[in-house]
Structure formats: structure tokens, C-alpha cells
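Each chain, letter by letter, is given below.
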Amino acid sequence: MIGIIIAILFFVFVTGKYEKHEVANSSYALGTLINLRASGNKAQMAIDKATERLNEIDDRMSAFKESSDISKVNLSAGTMAEKVNSDTYFVVKKAIEYSEILEGTFDPTIRPLVTLWSIGTKEEKIPEKSQIEKTLKLVNYNDVIFDEENNSIMLKNNNQALDVGGIAKGFAADEVRDIFYQHNIKSALIDLGGNIFALGSKEDGSDWKVGIQSPFKSRGEYVGILSVKNKSIVTSGNYERYFMKDRKRFHHIIDPKTGYPSESKIISATIISDNSIDGDGLSTGVYIIGIDKAMKIIETIEGIDAIFITEDKKVYKTSGIDESIFTLTDSEFFEEL
Ligand code: ADP
Ligand code: MG
């Protein structure tokens, strides 16, 4: 009897102790709201380290901070190569890989156009057509020159500029995941402004549930729910940052071929992958490339799946997405088979 009571007390004590160890924290970095939730004895320490790391990545890669690697490369465009931290080198290199896979729809030299449109700032406006055409000439991912030995990067021409805003959050999410692993975290939800990594499973062992935001409804209303363990989920959409003019929506994903916000039928592109850098880089580009090519490209990449929503309310899924992973919850939408 005593033995049983001790066993019960021991169980309550041990499991109770773990339950109390879920730590949650919100902060701001990489231009977005960061929400971190982790369970484990070292959860607090893990979250503190991760927050520090996120700020470090921001300091290196922000195009708005004058001392960042990205700003240094941009200021020296057309003049000289700049040595950068290995994080920055890796991210820019990955960005170019995705530019190639995505036929230039993803292009980290997009910055002059992003600046011209100023979407998400007080100065946002539709630029003159002539200005767009002039600026478009500066955007070309083939003009990023790498020097592996020196860890340096150079932009070929004056006024060219890098913007890794379409991929840096993915890299950052992977870094947070690795820090969490190092602190023996078995269950965590890493949310960098909607760029999500669901680490392990929920504390009770069940899958993490992540909603895909409805492009037409207010925040928190979903088209469907993803059920995952240990996966990155990244969505690019036209409903997060945009302005309206003459009933038209001008959003923040710019088509490097036209210089205007992408007008493909896709209004939401979600990538499910093991690494968030892949999800982030891919989601931005496939959003622009259009539904047929998007489906084909994702199908050819092993271990990566996608869910696309088009403006006619159709939901497209790649072959790895079955009923155990995705449940459509909004009956206004139709699954394309
Ligand atoms: P979010 O940052 O809203 O999560 P994305 O990952 O899709 O969304 O990235 C959008 C950001 O990427 C833009 O704010 C801009 O900085 C940059 N960007 C816009 N168009 C492109 C493009 N065609 N290729 C690469 N980056 C882009
Ligand atoms: Mg992206």
C-alpha cells in the first residue's frame, strides 16, 4: 500500500513538475511578432537563448539596420565585396538556390522594388510606371557574386540591393529549433509572425494543430487545420501586408518580372517541410509562379508538401497531404482532387 502511495506521489510530483515547465514568451524581432512556447526543465533558458539569437540574426540581416551585413553589401553595391557573417552567407546562398529552382520568381535582389512600393510603411503608393521599369532593371539574382573563401558577397551594379525578408524568418525558426533541441526540449511551438515550427508533439503526445488562415476572413479564422509533428509550416499570403487603391489589393510580394505585386491566382501558399528555411523561401516564390508550376515544382522536391488556395476558393494539395494531415474546415472552399 505504502509503495503504491509513494508511486502515485512520485508520478504526480514528476509529471506535475514537467507540466509546470511550459514557458511562453512574446517579443518583437525580424520585423514581426515572435511567440515561443516550450516545455521542459530548461524551457526558460532555451527561450532566453533563442530570443538572443533572434536579435543577433536581425542585427545581421535587417535591411533597415545600417550596420547589418545586408546593409554593408547594399552600400558597397557595384563597388566592392563585403565580408559577412556565415549566417548571412548561408541565407543569401540559399535564397539564390531558390531563385534558380523558382525560375527567378523568388529574387533576393528585390529590394529596390520593395523600397519603391514602400508597402507596409506610411509612404506606400502606386509608383509611376516609368519608375517601376527603371527599378526593375536592378533586380537580378545572377548579379549576386559569392566568394566562398572569404565569406564575402558583392552586388555587381550600383544601386542594386538585397532583401532577405522572404527567407530570413525561416532560417531563424530553424535556429530556434536547434537551440531548443540543445536544451532537451521535446515539445514546443515556434511562431515567428506566422512562420511556424511545431517541435515534437504536444505535451500529451498528440499532434500539433496549426490552422491555415482564411485569406478572406479575420485573423484566427481558418480554411483548414494541419495536424503535424516536428514540421515547419510557412504560409505566404496577400492578406497580411497590403494597401487598397481603387478596390484593388496591392500586397507585399512583388513579381520580379513585372515589378508589380504578384497577380497569380494563388492567394495563399503553405509549405510543410522539415526545415523552415525551405518553407519560407519556397512559399514566397511559388506564390508568384502560379498554381500549375507551383504544384509541379513542389511535387519534385522530396519531403516537402504544399497547400495552395486560389482566388476561386479552391484548395490544392500535393500528394503527401492526406486526411490525417489536413482537414478542410470552411465549407466555402473546395478541395481540388
Ligand atoms: P512574410 O514576410 O509576410 O511572412 P514572405 O516570406 O512571403 O512573407 O516574404 C515577403 C517579403 O519578402 C517581403 O516583405 C519582401 O521583403 C520580400 N519579397 C517580396 N517579393 C519578393 C520576391 N519576389 N522574392 C524575394 N523576396 C521578396
Ligand atoms: Mg517567405
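Bear in mind the structure is a predicted one, so any value in this text is a computation, not a measurement.

Asker: What is the right way to look at the coordination of the magnesium ion (ligand 2) in this model?
Answerer: The expected angle between donors at a tetrahedral four-coordinate metal is 109.5 degrees. At an octahedral six-coordinate metal it is 90 or 180 degrees. At this site the magnesium ion (ligand 2) is bound by Gly166 (O), Asp280 (O), Asp280 (OD) and Thr284 (OG1), with donor distances of 2.0 to 2.5 Å. In terms of primary sequence, the donors binding the magnesium ion (ligand 2) are separated according to G-x113-D-x3-T. Placement of the pair is Gly166 in the loop between strand S5 (152–155) and helix H7 (168–182) and Thr284 in helix H8 (residues 276–289), with a sequence separation of 118 residues. Using a relative accessible area of 18% as the deciding quantity, one classes Gly166 as buried. A residue is classified by how much of its surface remains accessible, and Thr284, at 14% relative accessible area, is buried.

Asker: Even after reading the chapter, I still don't get the domain arrangement of the protein, so can you show me in this structure?
Answerer: Interface size is often expressed as the accessible area that is lost when the parts come together. According to the domain assignment, the protein contains domain 1 (10–58 + 167–335) and domain 2 (63–155). On a C-alpha basis, the centroid separation for the pair domain 1 and domain 2 is 24 Å. Opposite the 29 residues of domain 1 that make contact, domain 2 presents 26 residues. The junction of domain 1 with domain 2 conceals about 2600 Å² of combined surface from both sides, 73% of it contributed by carbon and sulfur atoms. Taken as a group, Ile167, Phe243 and Pro256 account for 23% of the area that domain 1 buries against domain 2, more than any other trio of residues on that side. The tally of links from domain 1 across to domain 2 stands at six residue pairs in polar contact (both at pLDDT 80 or more). Where the side of domain 1 that touches domain 2 is concerned, the elements lending two or more residues are helix H2 (43–61), strand S11 (242–245), strand S12 (248–251), H8 and helix H9 (291–300). Ranked by the residues each element gives to the side of domain 1 that touches domain 2, the list is headed by H8, at nine residues.

Basis of the calculations
Residues numbered from 1 in each chain as written. Chains lettered and ligands numbered in written order. Predicted model: local features only at pLDDT ≥ 70, side-chain atom pairs only at ≥ 80, totals over all residues. Heavy atoms only, no water. Donors = N, O, S within 2.8 Å, 3.2 Å for Na, K, Ca; no water. Helix = DSSP H or I, 4+ residues; strand = E, 2+ residues; numbered from the N terminus. Buried < 20%, exposed > 50% of the residue type's maximum accessible area, 1.4 Å probe, protein only. Domains from an automatic or database assignment. Contact = heavy atoms within 4.5 Å. Buried area = accessible area lost by both parts, 1.4 Å probe. Polar contact = N/O pair within 3.5 Å; in protein donor to acceptor, adjacent residues only side chain to side chain.

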